[in-house]
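Chain by chain, the residues run as shown.
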Amino acid sequence: MKRLLNKQIVLGVTGGVAAYKSADLARRLREAGAEVRVVMTENAKQFITPLTMQAVSGNPVHDDLFDLKAEAAMGHIELGRWADVILIAPASADCMARLVRGEANDLLTTLCLVTHAPIALAPAMNQSMWKHTATQENVQALQAKGVSILGPGEGSQACGDIGLGRMLEPAELVDHVAALFKPGCLDGKKIIITAGPTHEAIDAVRFITNASSGKMGYALAEAAIEAGAEVILISGPVNILAPTHVEKVAVITAQDMFKEVMSRVENCDLFLSVAAVSDYRSKTIATHKIAKIAFTEVLELERNPDIVASVAQLKNRPFIVGFAAETDNLEVKAKAKLVNKKLDMIVANEVSVGMRGDENAVTVFWSDQQREFLKKSKRKLARELIKMIGDVMTANAFTKGEMDAK
Ligand code: PMT
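Every value quoted in this text rests on a predicted model; they were computed, and no experiment measured them. (Residues numbered from 1 in each chain as written. Predicted model: local features only at pLDDT ≥ 70, side-chain atom pairs only at ≥ 80, totals over all residues. Heavy atoms only, no water.)

Engineer: What is the right way to read the overall build of the protein chain from this model?
Structural biologist: Of regular secondary structure, the protein chain possesses 16 helices and 19 strands. Seen through its principal axes, the protein chain has C-alpha atoms that stretch 80 × 65 × 40 Å. Of the contacts formed within the protein chain by residues at least 6 apart in sequence, a portion of 67% connects residues at least 24 apart. Looking at the protein chain as shown, the accessible area adds up to about 20000 Å², and 53% of this sits on carbon and sulfur atoms. (Helix = DSSP H or I, 4+ residues; strand = E, 2+ residues; numbered from the N terminus. Contact = heavy atoms within 4.5 Å. Areas by Shrake-Rupley, 256 points an atom, 1.4 Å probe, with all protein chains shown as cover.)

Structure, rendered in structure tokens:
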């Protein structure tokens, strides 16, 4: 079995002597079953020609952010979405610094901002440049953003120095990339995730909603895909794109979300109820705009179905993780929801910390246990939550198996 069968890899090549090894790397990635698309910086072309990289990768080389022909075939946004991983080898000190700053001044750095795929760098530079505090700070900053740093290796360098800074050999890099795809903690599991707010119409122009952006739910969907799960994302109206490989079902109201969840939840292993569902809807929806003066007389509310509580009533229920966003008494209120809705686990977050922004901090409660996750990006937090949920599900299955055997 080819280790990278059908994996879509963007191979970024930046300016450095080690770029001569990138051709061999592209060839080996393809031998392992991957489809490879090469993106070269202007400096990389000083060391190896686009023609060579095109020949070994079997695809046209991408090198210009403003190339109309390339954009017509596969634009930079599509290329970023196409990638299952972006591997930059060699990654120069300059490229790393630009990635830390989030610059988008060439095709490669732009792709790194666009993509939801994991990014791996194989640094290659003079040993003094590698040791420099600026580079080491950049390495730490990139790792904190979830970027994998592969190497560098130690040995004699093109400049005559000896030390750390050599790009890892192509065969080693193929091993590292294959390891990024190793079966995750949710391998083969079917997951439904709800995310975002719901909109409950009142009249032609007004609706009841809340401040959920969908970012937490979408980050969890991405992390679950990375962990090997099959993910259905049932989302209220949001302004962000669904991660690749996720089946997205767009809904507007709580009733729509309820229907879509209940029709799919059969045979599902895990349900993550991240959506901020409106508890109430207007009893009637006026087709015209209700006059300001009549508003309080007309507005009458009725309860929406509780989606997660309904899933918990099913005979063949999945493992259920609810979320609770509170402004006060976080622990007490979250634990009450865990019990009242009959959930397996609840993730509690402060509204002021976790709603809308790119970061979150949570405390997770289950059985008689709890675990705290400090403030970090929602993407990073999502990976840690998925890992923990996978571990608890495995432990539960093990305990259940032992009980069944008795
Ligand atoms: O989208 P972001 O901006 O990234 O913000 C993320 C978040 C803060 C919205 C998310 O982390 C979060 O906390 N979501 C749950 C919001 C909430 O407070 O829900 P709740 O207390 O109303 O409901 C508790 C649980 O029941 C939730 O799992 C909810 O999805 C579920 N529920 C609620 C009502 C309802 N009718 N049906 C439900 O399934």
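Engineer: Could you clarify how one ought to interpret the site of the ligand in this entry?
Structural biologist: Inspection of the region around the ligand gives 25 residues, with S212, S273, A275, K337 and N349 positioned closest. One of the backbone N or O atoms of F323 is found 2.9 Å from an oxygen atom in the ligand. One of the side-chain nitrogen or oxygen atoms of K337 is found 2.4 Å away from an oxygen atom of the ligand. Here the ligand occupies the second largest pocket. Those elements that provide at least two residues to the shell around the ligand are α10 (215-226), α13 (307-313) and β16 (319-326). Here the shell around the ligand gets four residues from one element, more than from any other, and that element is β16. (Near = heavy atom within 4 Å. Polar contact = N/O pair within 3.5 Å; in protein donor to acceptor, adjacent residues only side chain to side chain. 1 Å grid on protein atoms, 1.4 Å probe; cavity = no way out; pocket = protein on both sides within 12 Å on 5 of 7 lines; lining within 4 Å. Sits in = over half its atoms within 2 Å of the grid points.)

Engineer: Mind showing me how you'd approach the domain arrangement of the protein chain here?
Structural biologist: In many analyses, interface size is given as the accessible surface area lost on bringing the parts together. Domain annotation for the protein chain reports domain 1 (2-179) and domain 2 (190-405). On a C-alpha basis, the centroid separation for the pair domain 1 and domain 2 is 37 Å. Contact with domain 1, which involves eight residues of that partner, is made by nine residues of domain 2. Roughly 650 Å² is buried in total at the junction of domain 1 and domain 2, and carbon and sulfur atoms are behind 41% of that figure. (Domains from an automatic or database assignment. Buried area = accessible area lost by both parts, 1.4 Å probe.)

Engineer: Would you mind going over empty space enclosed by the protein with me for this structure?
Structural biologist: Which parts of space are left empty comes out when a probe the size of a water molecule is rolled across the atoms. Tallied over the full model, the rule gives one cavity of 30 Å³ or more. Around the largest cavity sit G80, R81, A83, T115, H116, A117 and T244, which together line it. Among the residues forming the lining of the largest cavity, the class breakdown is two nonpolar, four polar and one charged. (Points joined across faces, edges and corners; volume = space filled by probe spheres on them. Nonpolar A, V, L, I, M, F, W, Y, C, P; charged D, E, K, R; others polar.)

Engineer: Would you take a moment to explain the sheet that holds strand β11 (residues 230-235) for this structure?
Structural biologist: Sheets are built from strands that pair by backbone hydrogen bonding, the pairs being arranged parallel or antiparallel. Ordered in space as β12-β11-β8-β13-β16-β17-β18-β19, the eight strands form an open sheet in which the pairing is mixed. Pairing within the sheet leaves two strands with one partner each, and these edge strands are β12 (247-250) and β19 (369-377). If you compare each strand with its neighbour and ignore which way they point, the axes differ by 15° on average. Taken together, the six bridges between β16 and strand β17 (residues 345-350) define a ladder with parallel strand orientation. (Pairing = 2+ DSSP bridges. Axes fitted to C-alpha atoms, helices over the stretch in contact; angles between N-to-C directions.)

Engineer: Help me understand helix α9 (residues 170-180) in this model?
Structural biologist: Helical geometry note: an α-helix holds 3.6 residues per turn, so side chains three or four residues apart project in the same direction. Every buried residue belonging to α9 is among P170, L173, V174, V177 and A178, and all of these are buried. Around the axis of α9, the buried residues are gathered within 140° of arc, so they sit on the same side. Turning to α9, the residues buried within the fold contact β1 (8-13), α1 (20-31), β3 (85-91) and β4 (119-123). (Buried < 20%, exposed > 50% of the residue type's maximum accessible area, 1.4 Å probe, protein only. Arc of directions from axis to C-beta.)

Engineer: I keep staring at the pairing of β11 and nothing clicks. Help me out?
Structural biologist: Within β11, five of the six residues are buried, leaving the element largely enclosed by the surrounding structure. Inspection of the sheet shows β11 paired to β12 by four bridges, in the parallel sense. Within the sheet, the bridge partner assigned to L233 lies in β12 and is K248.

Engineer: Sorry, what's going on with the sheet that holds β1 here?
Structural biologist: What the five strands build is an open sheet, ordered β2-β1-β3-β4-β5; its pairing is parallel. Each end of this open sheet is capped by a strand with a single partner; those strands are β2 (35-40) and β5 (148-149). For β4 and β5, the ladder comprises two bridges, and the chain directions are parallel. Residue pairing across strands places A120 opposite S148, the latter belonging to β5. Its contacts with the sheet place helix α2 (residues 50-57) against β1 and β2, and it is angled at close to 170° to β2.

Engineer: Looking at this structure, how should I read the layout of surface pockets?
Structural biologist: Taken as a whole, the largest pocket holds about 1100 Å³ of empty space. Lining of the largest pocket is provided by 34 residues; of these, L180, F181, I225, E226 and A227 occupy positions nearest its centre. Every element with two or more residues in the lining of the largest pocket is listed here: α9, α10 and α16 (378-405). For the lining of the largest pocket, the element with the highest residue contribution is α16, accounting for five residues. Class assignment of the residues belonging to the lining of the largest pocket gives a composition of 15 nonpolar, eight polar and 11 charged. When its volume is computed, the second largest pocket comes out at roughly 770 Å³. Elements with a contribution of two residues or more to the lining of the second largest pocket: α10, α13, β16, β17 and α15 (351-354). With four residues, β16 is the single largest residue contributor to the lining of the second largest pocket. Grouping the amino acids of the lining of the second largest pocket by side-chain chemistry returns 16 nonpolar, 14 polar and eight charged.

Engineer: Would you mind showing me how to read the packing of α1 against α9 here?
Structural biologist: Helices that pack against each other are described as a pair by the angle of their axes relative to one another and the distance between those axes. Following both chains from N to C, one finds α1 and α9 inclined at 45°, their axes separated by 9 Å at the closest point. What the angle tells us is that α1 and α9 run oblique. As for how α1 packs across α9, the hand of that crossing is right-handed. On the side of α1, the interface is formed by K21, D24, L25, R28 and L29, while α9 contributes P170, A171, L173 and V174. For the contact of α1 with α9, the per-class residue count stands at six nonpolar, no polar and three charged. (Parallel < 35°, antiparallel > 145°, perpendicular 65-115°, else oblique. Left-handed = near helix turned anticlockwise from the far one by under 90°.)

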